[in-house]
Amino acid sequence: MSFWPQRYVSDDDAYSLLELLEKITKAGKHVAIMAHYNHCREMTTPLAREAMQRLRATGVVIRTQSPLLNHINNDPDVWVRMWREQVRLGLVPYYMFVERDTGARRYFEVSLVRAWEVYRRAIQRVSGLTRTVRGPSMSTGPGKVEIQGVSEIQGEKVFVLRSIQARNPDWTQWPFYAQFDPDATWPEHLKPAFGEKQFFLQDEYEAMCRNKSAAKTH
Ligand SMILES: *Cc1c(COP(=O)(O)O)cnc(C)c1O
């Protein structure tokens, strides 16, 4: 939607794609498109607007996701403007992601505590309709983990984390705790709080990985 809105406007098969989507929604099925926007400016060009309008006219639901990127959107104001604009245009804000541990992360990475701060400051200022957005979420091996906040429990400063999407569905909605670390930018930097040796899902996750690699070699 942001990188190549032509897909829905001027590509040779744009029209047939839209027709197909309309056929599916008319048959009573729900189609969700994940649109990736890093900044509200990406939604301002006539082409971007046209793509949104055409896509929405087919009856699909456009949900939006964005990673928090230093130098691009490391500012609650940007998110407030972006989410409000999305809701105004009929899009559904869905995820704020923590920048993954790949590529040019050194330039773009933001500390986890800052990610929580940006999310919190932004979500405070938007309507209930806009609070559909989950985050800040980290896409890790075991699943998606949300930073719920920073707290102090029995004298120890901790990150409160929550698994929101997991390889084992039973991990979902399970709160857990990591030692607070102001410099941590990715879960690999986090250590379990309260002197525990590992996070609750670690043994089971490692067993899953072993089974998977064993299956591959056979
Ligand atoms: C999580 C995620 C989605 C949405 O998946 P859900 O099951 O609806 O949470 C889409 N794209 C990417 C890259 C994701 O990480």
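Because the structure is a prediction, the values reported are computed rather than measured.

Undergrad: Outline the side chain of Thr185, supporting the account with residue identities and numerical values.
TA: With respect to the element layout, Thr185 can be found in the loop between strand 7 (175–179) and helix 6 (202–217). For Thr185, a relative accessible area of 9% corresponds to the buried category. Residues contacting Thr185, with those up to four places away along its chain left out, are Val98, Arg105, Glu109, Val110, Ser111 and Leu112.

Undergrad: Could you give an account of the packing of aromatic side chains, naming the residues involved and the relevant values?
TA: Scanning the model with the defined rule gives ten aromatic pairs in all. Judged by centre distance (5.2 Å) and plane angle (40°), the rings of Phe159 and Phe180 are tilted. Placement of the pair is Phe159 in strand 6 (residues 156–166) and Phe180 in the loop between strand 7 and helix 6, with a sequence separation of 21 residues. Measuring from ring centre to ring centre gives 5.3 Å for Phe176 and Phe200, while their planes differ by 65°; the resulting arrangement is edge-to-face. Of this pair, Phe176 sits in strand 7 while Phe200 sits in the loop between strand 7 and helix 6, and the two are 24 residues apart along the sequence. Given the relative accessible area of 9%, Phe176 is considered buried. Ring pairs connect the aromatic residues Trp174, Phe176, Phe199 and Phe200, which therefore count as one cluster. A cation sits over an aromatic face here: Arg63 above Tyr94, 4.7 Å from the ring centre. Between the NZ or CZ atom of Arg120 and the centre of the ring of Trp116, over which it lies, the distance is 4.9 Å.

Undergrad: Outline a negative patch on the surface, listing residues and values.
TA: A cluster of acidic residues, Asp170, Asp203, Glu204 and Glu206, forms a negative patch on the protein surface. Tracing the backbone shows Glu204 in helix 6. Using a relative accessible area of 36% as the deciding quantity, one classes Glu204 as partly exposed.

Undergrad: Give me helix 2 (residues 46–57): which residues, what numbers.
TA: Across its twelve residues, helix 2 extends 16 Å between first and last C-alpha, which sits within 8% of the 16 Å expected from 1.5 Å per residue. Among the residues of helix 2, Ala48, Ala51, Met52 and Leu55 are the ones counted as buried. For helix 2, the arc enclosing every buried residue in end-on projection is 95°, short of the 170-degree limit, so these residues lie on one face. Away from its buried face by more than 90 degrees, helix 2 exposes Pro46, Gln53 and Ala57. In this structure, the buried residues of helix 2 make contact with helix 1 (14–26), strand 1 (32–36) and strand 2 (61–68).

Undergrad: So, empty space enclosed by the protein: which residues are in play, and what are the values?
TA: The full count for this structure, using the stated rule, is one cavity of 30 Å³ or more. What lines the largest cavity is simply Leu68, Val98, Glu99, Glu109, Val110, Ala115 and Thr185. Of the residues contributing to the lining of the largest cavity, the split by class is four nonpolar, one polar and two charged.

Undergrad: So what's going on with the site of the ligand? Which residues, and what values?
TA: Inspection of the region around the ligand gives Met34, Gln65, Tyr94, Tyr95, Phe97, Arg134, Lys144 and Gln165 as its neighbouring residues. Gln65 is positioned such that a nitrogen or oxygen atom in its side chain is 3.3 Å from a nitrogen atom of the ligand. Note that an oxygen atom of the ligand is positioned 3.0 Å from one of the side-chain N or O atoms of Lys144. Coverage of the ligand by the protein chains reaches 58% of its 370 Å² of free accessible surface. In terms of residue count, the dominant contributor to the shell around the ligand is strand 3 (residues 92–98) (three residues). Of the residues contributing to the shell around the ligand, the split by class is four nonpolar, two polar and two charged.

Undergrad: So what's going on with the layout of surface pockets? Residues and values would help.
TA: Space inside the largest pocket adds up to approximately 280 Å³. Together, 16 residues line the largest pocket, and Thr140, Pro142, Pro187, Phe199 and Leu201 are the ones closest to its centre. The dominant element in the lining of the largest pocket, judged by the number of residues it contributes, is helix 6, at three residues. Considered class by class, the residues forming the lining of the largest pocket number eleven nonpolar, three polar and two charged.

Undergrad: Tell me about the environment of Glu188, residues and numbers included.
TA: Secondary-structure assignment places Glu188 in the loop between strand 7 and helix 6. Residue classification places Glu188 among the exposed residues on the basis of a relative accessible area of 53%.

Each value, and the rule that gives it
Residues numbered from 1 in each chain as written. Predicted model: local features only at pLDDT ≥ 70, side-chain atom pairs only at ≥ 80, totals over all residues. Heavy atoms only, no water. Helix = DSSP H or I, 4+ residues; strand = E, 2+ residues; numbered from the N terminus. Buried < 20%, exposed > 50% of the residue type's maximum accessible area, 1.4 Å probe, protein only. Contact = heavy atoms within 4.5 Å. Phe/Tyr/Trp six-rings, centres within 6.5 Å; stacked < 30°, edge-to-face > 60°. Lys NZ or Arg CZ within 6 Å of the ring centre and 35° of its normal. Patch = residues over 30% accessible without salt bridge, like charges linked within 9 Å, V, L, I, M, F, W, Y side chains within 5 Å. Areas by Shrake-Rupley, 256 points an atom, 1.4 Å probe, with all protein chains shown as cover. Salt bridge = Lys/Arg side-chain N within 4 Å of Asp/Glu carboxyl O. Lys, Arg positive; Asp, Glu negative; His and termini not counted. Charge placed at Lys NZ, Arg CZ, Asp CG, Glu CD. Expected span 1.5 Å × (residues − 1). Arc of directions from axis to C-beta. 1 Å grid on protein atoms, 1.4 Å probe; cavity = no way out; pocket = protein on both sides within 12 Å on 5 of 7 lines; lining within 4 Å. Points joined across faces, edges and corners; volume = space filled by probe spheres on them. Nonpolar A, V, L, I, M, F, W, Y, C, P; charged D, E, K, R; others polar. Near = heavy atom within 4 Å. Polar contact = N/O pair within 3.5 Å; in protein donor to acceptor, adjacent residues only side chain to side chain.

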